[in-house]
Amino acid sequence: MAGKNPDEVRKELIEKLGEEFGADLFNLQNAYFNVRIEWRFYRSLFGTNKERIDLLNAVSGIFFRTLEVCLFEAVILGLCRLTDPLQSGRGERAKLNMTFRRLENHLLTDEEHQRFTEFLGEIEEASEFARDWRNRKISHSDYFVAQGQAKLEQASREKVQLLLDKIGELLQWVYKERLKVSHVLDASLSIEDEMRVLELLYDAIQGEEAEKRRLEKCIEEKDFKSLPLAPERPEWLRRGGRR
């Protein structure tokens, strides 16, 4: 389905799988891709090498630390949503969840149900850490964790990647079993992505350092006529600036 827009992909899935199954698979794979994209941003910015961390800290340590936490927690929440129970709450307050567990409703054979159960068992085990973080830190603030009297289950990039991979394997299996195709889980973006941000930040820091050296040289040589002028910036770029 490469090269097709979302509406075309959704329509094709519904035509091949039926209204409910096709819509469920479309929504779930989109949610999965969104989490993968967030995780790619996180890994590219904060989990690749020390030099990138140094660059981000040189621009604004506190801003990018906040972004790091936000991206990591967004990934944890996204993974939990994908692996949640079929419904939350009980009785009249019960609400259906868009979770990969919904796909079991559309399986046909005992063999498919057995394999799906195996996938779910692996995913449940791999997602325990994420659920602990969601329940006791991100969505709620556990008293004993906040007081330092209890610890969260260890979270790591390796655990996040493992869980993403296992969910991806399930998604690929569904495509192979029901659509007879090998689905490429490629959360690709255009060239205007996180690498573009890093490149612009690097160029900006290099330019700023060059201007600083030029300023110091002018002061040292008392060449005040050659002092670099402060760059002009639009009003909207100033703190509290209006459009």
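Our structure's up above, just so we're on the same page.
Residues numbered from 1 in each chain as written. Predicted model: local features only at pLDDT ≥ 70, side-chain atom pairs only at ≥ 80, totals over all residues. Heavy atoms only, no water.

1. Describing a nonpolar patch on the surface
On the surface, L215, I219 and F224 cluster together into a nonpolar patch covering about 280 Å² of accessible area. For F224, the position within the fold is in the segment after α8 (194-220). (Patch = residues over 30% accessible without salt bridge, like charges linked within 9 Å, V, L, I, M, F, W, Y side chains within 5 Å. Areas by Shrake-Rupley, 256 points an atom, 1.4 Å probe, with all protein chains shown as cover. Salt bridge = Lys/Arg side-chain N within 4 Å of Asp/Glu carboxyl O. Helix = DSSP H or I, 4+ residues; strand = E, 2+ residues; numbered from the N terminus.)

2. Structural notes on the environment of L28
Note that L28 resides in helix α2 (residues 19-46). By relative accessible area, which is 0% here, L28 ends up buried. Separated by 75 residues in sequence, L28 and L103 have C-alpha atoms that sit 9.3 Å apart. The contacts of L28, once residues within four sequence positions are left out, are L82, M98, T99, F100 and L103. (Buried < 20%, exposed > 50% of the residue type's maximum accessible area, 1.4 Å probe, protein only. Contact = heavy atoms within 4.5 Å.)

3. Some points on the packing of α2 against helix α7 (residues 157-179)
Two numbers describe how α2 lies on α7: the axes approach to 11 Å, and their chain directions differ by 150°. Judged by the inter-axis angle, α2 sits roughly antiparallel to α7. Considering only the axes of α2 and α7, their crossing is left-handed. Contacts between α2 and α7 involve F21, L25, Q29, Y32, V35, R36, W39, Y42, R43 and F46 on the former and, on the latter, R157, V160, Q161, L164, I167, G168, L171, V174, Y175, R178 and L179. Looking at the contact of α2 with α7 residue by residue, the class counts come to 14 nonpolar, three polar and four charged. (Axes fitted to C-alpha atoms, helices over the stretch in contact; angles between N-to-C directions. Parallel < 35°, antiparallel > 145°, perpendicular 65-115°, else oblique. Left-handed = near helix turned anticlockwise from the far one by under 90°. Nonpolar A, V, L, I, M, F, W, Y, C, P; charged D, E, K, R; others polar.)

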